Amino acid sequence: MATIIQKPGLPEIKDNTEVKSFLNKRGIEYDHWPVPNASNSLTDKLTLVDDEKEALLKNLDNRFETLKEKEGYQSRDLIVLHPQVPGLNEMLAKFDKVHYHTDDEVRYIVDGSGIFGFALAGEKFLVRVEKDDFISVPKNTNHWFTLDENKRIKAVRYFQDMSGWVPNYVEETTALV
């Protein structure tokens, strides 16, 4: 389950209900969707070939169908990151600076973990996401993303419009102060 990490001196928030409330008050949708056990043989693997990615996405189609009906999402894909991915650090460098997108950034974490950071109305905080976490960052929300020390994540990315996913950088530090 997700953990909220606030500026020094403030407690971490780990209770699922409190995490959801904290994020919802800031316009960020969060939920906890258990990945079906039938997917474990795929989520447990470090790498996946394209056929395995499609099989995993098919196992999770009920979530996609719900998002299509509820929010109008048109497509989805599966990103698989791990230390052996060529150019991983360069890829991550595109997103570890404060930026926003003109479309929502919607992720369902199906394996591994990572860290979203937010800079909202003078407040900065981190959200450590892991397997079973669903997060929807609204369009035009200043945020950043990085992998944690494990450098491993599998996430379903949902899109309304792929062109809205280009990062627009802003002059802001990622430091929690």
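Everything numeric here is computed off the predicted structure, so don't read it as measured data.

Participant: Explain the overall build of the protein chain here, please?
Facilitator: A count of helical and extended segments in the protein chain gives five helices and ten strands. What you see for the protein chain is a C-alpha radius of gyration of 16 Å, in line with the 16 Å of a compact globule of 177 residues. If one aligns the C-alpha atoms of the protein chain with their principal axes, the spans along those axes are about 45 × 35 × 30 Å. In the protein chain, buried positions account for 45% of the 177 residues. Across the protein chain, the fraction of contacts at a sequence separation of at least 24, relative to all contacts at a separation of at least 6, is 72%. For the protein chain, the exposed area adds up to about 8900 Å²; of that, 50% sits on carbon and sulfur atoms. Separation between the mean location of the 23 positive side-chain charges and that of the 30 negative ones in the protein chain comes to 1 Å.

Participant: Would you mind going over unusual backbone geometry with me for this structure?
Facilitator: Both trends apply: most residues other than glycine have a negative phi, and most peptide bonds are in trans. Phi at Asp132 takes a positive value of approximately 85°, unusual for a residue other than glycine. By the secondary structure assignment, Asp132 is in the loop between strand 6 (123-130) and strand 7 (133-137). Look at Asp132 and you get buried, because its relative accessible area is 15%. Phi is positive for Lys151, which is not a glycine, with a value near 50°.

Participant: Looking at this model, I keep getting lost on the pattern of salt bridges. Mind explaining?
Facilitator: Side-chain pairs of opposite charge can arise whenever the charged atoms involved come near each other. Applying the stated rule across the entire model yields 15 salt bridges. With its nearest N and O atoms 2.9 Å apart, the salt bridge here joins Asp111 to Arg152. Here Asp111, found in strand 5 (residues 105-120), pairs with Arg152, found in the loop between strand 8 (143-147) and strand 9 (153-159); they are 41 residues apart in sequence, far enough to count as distant. Its relative accessible area of 10% is what places Asp111 among the buried residues. On the basis of relative accessibility, which here comes to 23%, the residue Arg152 falls in the partly exposed class. For Asp111, the salt bridge is made with Lys154, and the minimal N-O distance between the two is 3.1 Å. Remark: Lys154 occurs in strand 9 and Asp111 occurs in strand 5; sequence separation between them is 43 residues. No difference in accessibility class separates Asp111 from Lys154, as the two residues are buried.

Participant: Sorry if this is basic, but what is going on with the UniProt feature "site: Important to generate the dianion" (unreviewed entry) in the protein chain here?
Facilitator: The UniProt record annotates "site: Important to generate the dianion" (unreviewed entry) at Arg107. For Arg107, the position within the fold is in strand 5. If near-sequence neighbours (up to four positions away) are discounted, Arg107 is found in contact with Phe116, Asp133, Phe134, Ile135, Ala155, Val156, Arg157, Tyr158 and Trp165.

Calculation criteria
Residues numbered from 1 in each chain as written. Predicted model: local features only at pLDDT ≥ 70, side-chain atom pairs only at ≥ 80, totals over all residues. Heavy atoms only, no water. Helix = DSSP H or I, 4+ residues; strand = E, 2+ residues; numbered from the N terminus. Rg over C-alpha atoms; globule rule 2.2 N^0.38 Å. Buried < 20%, exposed > 50% of the residue type's maximum accessible area, 1.4 Å probe, protein only. Contact = heavy atoms within 4.5 Å. Areas by Shrake-Rupley, 256 points an atom, 1.4 Å probe, with all protein chains shown as cover. Lys, Arg positive; Asp, Glu negative; His and termini not counted. Charge placed at Lys NZ, Arg CZ, Asp CG, Glu CD. Salt bridge = Lys/Arg side-chain N within 4 Å of Asp/Glu carboxyl O. UniProt positions renumbered as here; feature names shortened; annotations may be inferred.

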